[in-house]
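# Summary of structural features
The chain contents come next:
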Amino acid sequence: MSIEVNIKKNLGSFRLDVAFQQDSGVLALLGGSGCGKSMTLRCIAGIEQPDSGRIVLNGVTVFDSEKKINLPPQQRQVGLLFQNYALFPNMTVVENILCGIREKKSKSENSALVAKYIRKFHLEGLEHHTPGQLSGGQKQRCALARMLIGKPGVVMLDEPFSALDSYLRWELERELLSTLREYDGTVLFVSHDRDEVYRISDRIAVYKDGAIDVMGDKWELFRQPLTCTAAILTGCKNVSPAQYTDTTVSVPEWGVTLPLPQSGVPADAAYLGIRARKMRPARAAGPRCFAYTIAEEIDGAFSDILMISLDGGQTLLRWELTKDVHAAMQNGPQFIEIPEDAVLYLRA
């Protein structure tokens, strides 16, 4: 199972220009609102037509602008799960799932297959309910059953949890993960939630203004995001232009100058990121330790946020720390250490 995408589309406010390949597993498209993630899925599904390019699904070319190929959605073997699940409101659970069957079968075969998916997705007793009578979780399971009963080669999920409260999101995410473990095809997952993406995906494509800014294995991308956009989207709260020399990197607006690692940094590094959760209290000044004053304290449910000013800096740094660490340092010296594993060397 594989997908190859290389498309361009002028959207007025920006231009979609993306190219990627995924052979199996879950590829997350991570980015802010309006950066082209959902439009990419719509082009793959055949709902929208790119201006140019090529899309190949499991070896079958479904779109090629040069060869004038543009297969309709029903011939693409793609399953797309929308944010609102797009169930037919006047149809029952059984009728909705029946709509997903692509192959021609007898009525008895269809009924047996639907019954199998009713059991598989724990929808027993809800067969004759309409979507208005279902909970959020039941709607999602019904939509997944309708999509997967057609045996798509590619499954695409467009922010399926965006309209849900945090508890229900967690419950539905667990159900979705269970379903995806049994699916051996390719999955594209659109989200702007970094934690969600980390739990669900294998690889990540970070979107910026209609293009892929950086793409790679999720563990490596979270460890070293490489670009400012990727750093911010993976949770770095402190990012600023930096001045690099052969041995140091400095951010005057923070009042920070740090030694560069012996392993070196990317040649095109022009920004610096500091992970807010990686900084820690120190007892004295040093090459990586700085005196600070607290400008603002924000009390969180399980951790605290300090907005701090380092000596000589004009812009505040965000520091996130557990409540017990914060309590223990209340009467101690106010120095902060920025260890090497807190620092990101970034290109624009």
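The structure this text deals with has already been given above.
Residues numbered from 1 in each chain as written. Predicted model: local features only at pLDDT ≥ 70, side-chain atom pairs only at ≥ 80, totals over all residues. Heavy atoms only, no water.

### Description of the overall build of the chain
Note the following rule: Numbered from the N terminus, helices here are DSSP runs of H or I no shorter than four residues, and strands are runs of E no shorter than two. To sort residues, take the accessible area from a 1.4 Å probe on protein chains only and compare it with the maximum for the residue type: under 20% means buried, over 50% means exposed, and anything in between is partly exposed. Contacts between residues were defined by any pair of non-hydrogen atoms, one from each residue, lying within 4.5 Å. Residue burial considers only the protein chains on display, and all accessible areas are found by Shrake-Rupley using a 1.4 Å probe.
Of regular secondary structure, the chain possesses 9 helices and 22 strands. Along the longest, intermediate and shortest principal axes, the C-alpha atoms of the chain span 80 × 50 × 35 Å. Across the 348 residues that make up the chain, the buried fraction comes to 48%. Relative to all contacts within the chain whose residues are 6 or more apart in sequence, the contacts with residues 24 or more apart total 65%. Total accessible area on the chain stands at roughly 17100 Å², and carbon and sulfur atoms take up 49% of it.

### Section: the nonpolar core
As a reminder of what qualifies: Remark: nonpolar core denotes a set of buried residues (Ala, Val, Leu, Ile, Met, Phe, Trp, Tyr, Cys) joined through side-chain atoms within 4.5 Å.
Ranked by size, the top nonpolar core spans 43 residues in total, and within it Ile97, Leu123, Leu157, Phe189, Ile200 and Ile204 carry the most contacts. For this core, the element with the highest residue contribution is helix H4 (residues 136-148), accounting for 6 residues. Those residues in contact with Leu123, other than ones at most four positions away along the chain, are Val93, Ile97, Ile118, Gln138, Arg141 and Cys142. Grouped together as the second largest cluster of nonpolar side chains are 26 residues, Val18, Leu41, Phe63 and Tyr207 included.

### What about helix H3 (residues 107-120)?
Quick reminder of the rule: Multiplying one less than the number of residues by 1.5 Å gives the expected span of a helix. Here the arc refers to the directions that run from the helix axis out to each C-beta atom.
Here H3 contains 14 residues, and its C-alpha end-to-end distance of 20 Å stays within 8% of the 20 Å for a straight helix at 1.5 Å per residue. Listing the buried residues of H3 in full gives Asn110, Leu113, Val114, Tyr117 and Ile118. Buried residues of H3 fall within an arc of 145 degrees about the axis and therefore sit on the same side. Its buried side turned inward, H3 meets helix H2 (93-98) and H4. Positioned one or two residues after H3, His122 has a phi angle of 55 degrees, which is positive.

### Considering the sheet that holds strand E22 (residues 343-346)
Spelled out, the test is: By the convention used here, strands pair only if DSSP detects at least 2 bridges between them. Every axis in this analysis is a line fitted to C-alpha atoms, fitted for helices over the stretch in contact. Angles between the N-to-C directions lie between 0 and 180 degrees.
Spatial strand order, E12-E16-E22: 3 strands in an open sheet with antiparallel pairing. The sheet is open, and its two borders are formed by strand E12 (238-241) and E22, each paired with just one other strand. Sheet twist, expressed as the mean angle between neighbouring strand axes with direction ignored, is 20 degrees. The pairing of E12 with strand E16 (residues 271-274) spans 4 bridges and is antiparallel. By the bridge assignment, Ser240 is partnered in E16 with Leu272.

### Overview of the side chain of Thr40
Relative to the helices and strands, Thr40 is located in helix H1 (residues 37-45). Setting aside residues up to four positions removed in sequence, Thr40 forms contacts with Leu16, Val18, Phe20, Leu29 and Tyr207.

### Topic: the sheet that holds strand E14 (residues 248-251)
Across the sheet, which stays open at both edges, the 3 strands sit in the order E13-E14-E15 with antiparallel pairing between neighbours. Each of the sheet's edge strands pairs with one partner strand only, and the pair in question is strand E13 (243-244) and strand E15 (256-259). Sheet analysis places E13 next to E14, joined by 2 bridges and oriented antiparallel. Each bridged residue has a counterpart across the sheet, and for Tyr244 the counterpart in E14 is Val249.

### Some remarks on unusual backbone geometry
A positive phi is found at Asn58, a non-glycine position, where the angle reads about 50 degrees. You can see Asn58 is positioned in the loop between strand E4 (52-57) and strand E5 (60-64). With relative accessibility at 30%, the residue Asn58 sits in the partly exposed group.

### Let's talk about the pairing of strand E7 (residues 78-81)
The alternating pattern of E7 places Val78 and Leu80 on one face and Gly79 and Leu81 on the opposite face, and all of these are buried. For E7 and strand E8 (residues 154-158), the ladder comprises 4 bridges, and the chain directions are parallel. Bridge pairing in E8 places Leu80 opposite Met156.

### As for the side chain of Arg275
What counts here: Asp and Glu count as negative and Lys and Arg as positive, but His and the ends of the chain are not part of the count. When a carboxyl oxygen of Asp or Glu lies within 4 Å of a side-chain nitrogen of Lys or Arg, that pair is called a salt bridge. Distance and chemistry together define a polar contact, namely a pair of N or O atoms within 3.5 Å, with one atom able to donate a hydrogen and the other to accept it when in protein, and with adjacent residues in sequence counting only for side-chain atoms on both sides.
With respect to the element layout, Arg275 can be found in the loop between E16 and strand E17 (280-282). Although Arg275 is buried, it forms no salt bridge, and the closest oppositely charged side chain is Asp341 at an N-O distance of 9.3 Å. Within the structure, the side chain of Arg275 is placed 2.7 Å from the backbone oxygen of Phe222, a separation counted as a polar contact. Apart from residues lying up to four places away in sequence, Arg275 is in contact with Phe222, Pro225, Ala231, Thr234, Gly235, Cys236, Ala342 and Leu344.

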